[in-house]
Amino acid sequence: MNINATLFAQIIVFFGLVWFTMKFVWPPIAKALDERAAKIAEGLAAAERGKSDFEQAEKKVAELMAEGRGQVAEMVANAEKRAAAIVEEAKQQASTEAARITAQAKADVEQEVNRAREALREQVAALAVKGAESILRSEVDASKHATMLNTLKQEL
């Protein structure tokens, strides 16, 4: 064998191998590499979208928390206002009730005073009648009358 023939045969086999590889081996490998690159690019894009979505979700959570805090503060303020209104209303009711009770007590005291006056009048009238009766029974004597009137004064 000659080196030229061997070299020529090796070149033909090499080109045959290159052609076979380019025709049957390289397309599936290139296709797999392209698919793998597409999946990687898709994964990176999904990761970027996920990161973006996560940041948006964090912002939304922060906004919702701020809104919730605002609502809670508003509810607390409303509750405090309502409590103050209830306390004020209770004070007014208590004041009204105290005025009513005071007026009722004054009326009761006035009635008791009137009853006591009436009873006193009745007793004075009874004593006056009793004194007049005793004066009329005894003879008319100034010293006896003075003694009876002193006794009557002591009884009153």
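Residues numbered from 1 in each chain as written. Predicted model: local features only at pLDDT ≥ 70, side-chain atom pairs only at ≥ 80, totals over all residues. Heavy atoms only, no water.

Right, let's get into the overall build of the protein chain. The number of helices and strands found in the protein chain is 2 helices and 0 strands. Taking 156 residues into account, the globule formula puts the C-alpha radius of gyration at 15 Å, and the protein chain, at 61 Å, lies well above it. Counting only C-alpha atoms, the protein chain reaches 195 × 20 × 20 Å along its principal axes. By residue count, 3% of the 156 residues in the protein chain fall in the buried class. Surface summary for the protein chain: the accessible area is close to 13700 Å², and the carbon and sulfur share equals 64%. Across the protein chain, the centroid of the 21 positively charged side chains sits 5 Å from that of the 23 negatively charged ones. (Helix = DSSP H or I, 4+ residues; strand = E, 2+ residues; numbered from the N terminus. Rg over C-alpha atoms; globule rule 2.2 N^0.38 Å. Buried < 20%, exposed > 50% of the residue type's maximum accessible area, 1.4 Å probe, protein only. Areas by Shrake-Rupley, 256 points an atom, 1.4 Å probe, with all protein chains shown as cover. Lys, Arg positive; Asp, Glu negative; His and termini not counted. Charge placed at Lys NZ, Arg CZ, Asp CG, Glu CD.)

Looking now at the packing of aromatic side chains. Geometrically, a pair of aromatic rings is defined through the distance of the ring centres and the angle of the planes. According to the stated counting rule, one finds 3 aromatic pairs in the structure shown. With 6.2 Å between their ring centres and 90 degrees between their planes, W19 and F24 make a pair best called edge-to-face. Accessibility expressed as a relative area gives 54% for W19, which makes it exposed. For F24, a relative accessible area of 47% puts it in the partly exposed group. One aromatic cluster is present, built from ring pairs that chain together W19, F20 and F24. (Phe/Tyr/Trp six-rings, centres within 6.5 Å; stacked < 30°, edge-to-face > 60°.)

Before going further, it helps to examine the UniProt feature "transmembrane region" (unreviewed entry) in the protein chain. Sequence positions flagged by UniProt for "transmembrane region" (unreviewed entry) are, in local numbering, residues 6-26. The straight-line gap between the two end C-alpha atoms of residues 6-26 is 27 Å; of that span, 100% is helix and 0% is strand. (UniProt positions renumbered as here; feature names shortened; annotations may be inferred.)

Attention now moves to the environment of A9. Counting through the fold element by element, A9 comes out in helix α1 (residues 3-137). With 83 residues separating them in the primary sequence, A9 and Q92 have C-alpha atoms 119 Å apart.

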